[in-house]
Structures are given as structure tokens and as C-alpha cells.
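# Observations on chain architecture
Chain by chain, the residues run as shown.
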Amino acid sequence: MPEVLQVESRTTRGTNDSRRLRKSGRIPAVLYGHGEESVNLTVSTDAMEAVIRHGSHVVELDGAVKQSALIRELQWNTWGTEIVHVDFARVSADEVVEVTVPIELRGEAPGLREGGIVEHLLHEIDVECKATLVPDRIKANVNHLQVGGSITVADLVLPEGAKWLASP
């Protein structure tokens, strides 16, 4: 079940107004898509950070608008420590979306004891799936890797109904 974010309508725009919002604990955001008009919103910084920590991709917006939305893009400050803007895209439960999902290595490769190293070349991958089934991460088990072994995209396990957009 998607997390619920309380949003408020935003009538002001511009750099100074956005800075004031951020100082008051809110993040400027925009909701667009499905041929409807874009809506300028604000969301609580704490709530948005919690959603990001939980790895959610789809959220339920409540307040100024009541819709399901995909977190399409996050803009961070120069140091990557604070969210400065959020783009939401309208989605329906049956809609197929393309998202980038992180790949997480799990386990310990036996080849490490023989002097090998594990090189993690692909840290995230593009996946196509229903909006309600977006995985928060793809886990790659390295417990069977010997020296010279490898894991390809085809070896990764995806949730049912999802498919890779990368070459296997």
C-alpha cells in the first residue's frame, strides 16, 4: 500500500519563495501528467524524507489534491543532503511505468577468500512494471561467486510482472 503524503497548494513561485518554504520545513513540488494541468504543491520535509528512506516510488497525495503519484524526480542541494524540489507524475494502479531501481549486493562471495575482489559495476537498473508493484531495490546474491565469476542482468530476480529495460 502506498504511503500517504499531505500536500498543500502553492500559489507563489520563484527562488525567494522556495527558499522561504524550505526554511519553514516544506519542500516545493509539482504534480503533472495524464493530460491534466500541472499543480504547484508543497510537502513537509520530514514526511518526504521518510518516504525516501522507506524506498517508496508511488505515494498517495492527500490534501490539496487526492491522487496517486509516482515520485518522478528529486532535486537535491549541492551536497546531496537536502531535497530542494520534488516532481510527482500522476499514475493509476494499472499503469505501467519505467523506474530506476538500485541493485543491492547480498552475501559474501567465496572467491574473496581466494584473493578475488567483488566489483559492483551496475548500481541501478531501469525496470518497467505496474505502478503499484515498483520494487524498492533489486537484491543480487553473491554467495556463489568464485574468482572470475559474474552476475548478469539476466541472473537478477525481478518481481512478477516486471521486466528489464537493459540488455541481459
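Residues numbered from 1 in each chain as written. Predicted model: local features only at pLDDT ≥ 70, side-chain atom pairs only at ≥ 80, totals over all residues. Heavy atoms only, no water.

## A short note on the pairing of strand β5 (residues 67–76)
Rules: Strand pairing requires that DSSP identify at least two bridges connecting the strands. Secondary structure elements are taken from DSSP: a helix is a run of H or I of four residues or more, a strand is a run of E of two residues or more, and numbering for both begins at the N terminus.
Across four bridges, the pairing between strand β4 (residues 58–63) and β5 is antiparallel. What sits directly across from V58, in β5, is L70. The hairpin formed by β4 and β5 contains three residues between the paired strands.

## Section: the sheet that holds strand β3 (residues 36–44)
In a beta sheet, neighbouring strands are held together by backbone hydrogen bonds and run either parallel or antiparallel to one another. The following threshold applies: A fitted line through C-alpha atoms serves as each axis, taken over the contacting stretch for helices, and the angle formed by two N-to-C directions is quoted from 0 to 180°. In this analysis, two residues are considered to be in contact whenever any of their non-hydrogen atoms come within 4.5 Å of each other.
Taken in spatial order, the six strands line up as β1-β3-β2-β6-β5-β4 and close into a barrel, and their pairing is mixed. Between one strand axis and the next, the sheet turns through 45 degrees on average, direction left out of account. Pairing of β5 with strand β6 (residues 83–90), which is carried by seven bridges, proceeds in the antiparallel orientation. Opposite I71, over in β6, you have F88 as the bridge partner. This element, helix α1 (residues 15–23), spans β2 (26–33), β3 and β6 of the sheet and lies at about 120 degrees to β2. Packing against the sheet, helix α2 (residues 45–53) makes contact with β1 (3–9), β2, β3, β4, β5 and β6, and its axis sits at approximately 100 degrees to β3.

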